[in-house]
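# Results of the structural survey
The residues making up each chain are set out below.
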Amino acid sequence: MKALKFLPLLLLFILSSCSSVQVAQDYDTSADFSKYKSYAFFKSGIDKVEISDLDKKRILRSVEVEMNAKGFSKSESPDLLINIFTKSRENVNVNQFNHFGYGWGWGYGWGYNPYLWGGTASVSTSTEGTLYIDLIDAKTKELIWQGEGVGVLTQNTTKKEERIREFVAKILAQYPPSKN
């Protein structure tokens, strides 16, 4: 019975972990990030990304908002080139819920003993997406920083815009890296 008290808390934790974006970063430790002040999109790289043009626009608009908020300016002769890359995979989730009852039974002696009297199963699918944002030194053409965000995607157009903004904001919150 004590386990049932924690079930709502466990479900809340599971649901909140499904909706969040997991982020990571990697960077060139020898790069001087303070010298970068302007950016442009790496068009030839972005053109190769296999997502809809609408989603590309959503991602690029979100990147612009975040970079501008960090004090960067978009430029024809930038310090940084920004590239994106995406991956996705389909997840199949099978949940089985068992119902317990009480009754007389053998095995544990006489008295009220729990036994399984039924259950239900549900199958659902979700798409997990990964967004990579690459920052490339425009002069040397070398990758200096990469941010990665992984989370569940949505097909709902209204929520998609919000979800993409969340991905980009959480990824770029790591830039510039703090060298601890």
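Scope of this entry: the structure provided in the associated data block. Small disclaimer: the values here were computed from a predicted structure and weren't measured.

## Focus on the nonpolar core
In terms of nonpolar packing, the biggest core is built from 27 residues, with Val63, Leu80 and Ile133 touching the most fellow members. Residue assignment for this core shows that the elements contributing at least two residues are β2 (38–41), α3 (53–69), β4 (80–104), β5 (112–137), β6 (143–152) and α4 (157–172). It is α4 that provides the largest number of residues to this core, a total of five residues.

## Some remarks on the packing of aromatic side chains
Evaluation of the coordinates by the stated rule reveals seven aromatic pairs. Judged by centre distance (6.4 Å) and plane angle (55°), the ring pair of Phe33 and Tyr36 falls under tilted. On the basis of relative accessibility, which here comes to 10%, the residue Phe33 falls in the buried class. Geometrically, the ring pair formed by Tyr39 and Phe41 is edge-to-face, given 5.9 Å between the ring centres and 75° between the ring planes. Each member of the pair, Tyr39 as well as Phe41, is classed as buried. Members of the aromatic cluster, connected to one another through ring pairs, are Tyr27, Phe33, Tyr36, Phe72, Trp145 and Tyr175.

## Here's the deal with the environment of Asp79
When you line up the elements, Asp79 lands in the loop between β3 (73–74) and β4. The sequence separation of Asp79 and Ala138 amounts to 59 residues, and the corresponding C-alpha distance is 5.3 Å. With residues near it in sequence (within four places) discarded, Asp79 still touches Lys35, Tyr36, Lys37, Ser38, Ile136, Asp137 and Ala138.

Cut-offs used in this document
- Residues numbered from 1 in each chain as written.
- Predicted model: local features only at pLDDT ≥ 70, side-chain atom pairs only at ≥ 80, totals over all residues.
- Heavy atoms only, no water.
- Core = buried A, V, L, I, M, F, W, Y, C linked by side-chain atoms within 4.5 Å.
- Buried < 20%, exposed > 50% of the residue type's maximum accessible area, 1.4 Å probe, protein only.
- Helix = DSSP H or I, 4+ residues; strand = E, 2+ residues; numbered from the N terminus.
- Phe/Tyr/Trp six-rings, centres within 6.5 Å; stacked < 30°, edge-to-face > 60°.
- Contact = heavy atoms within 4.5 Å.

The values reported here are purely geometric and, on their own, carry no functional implication.
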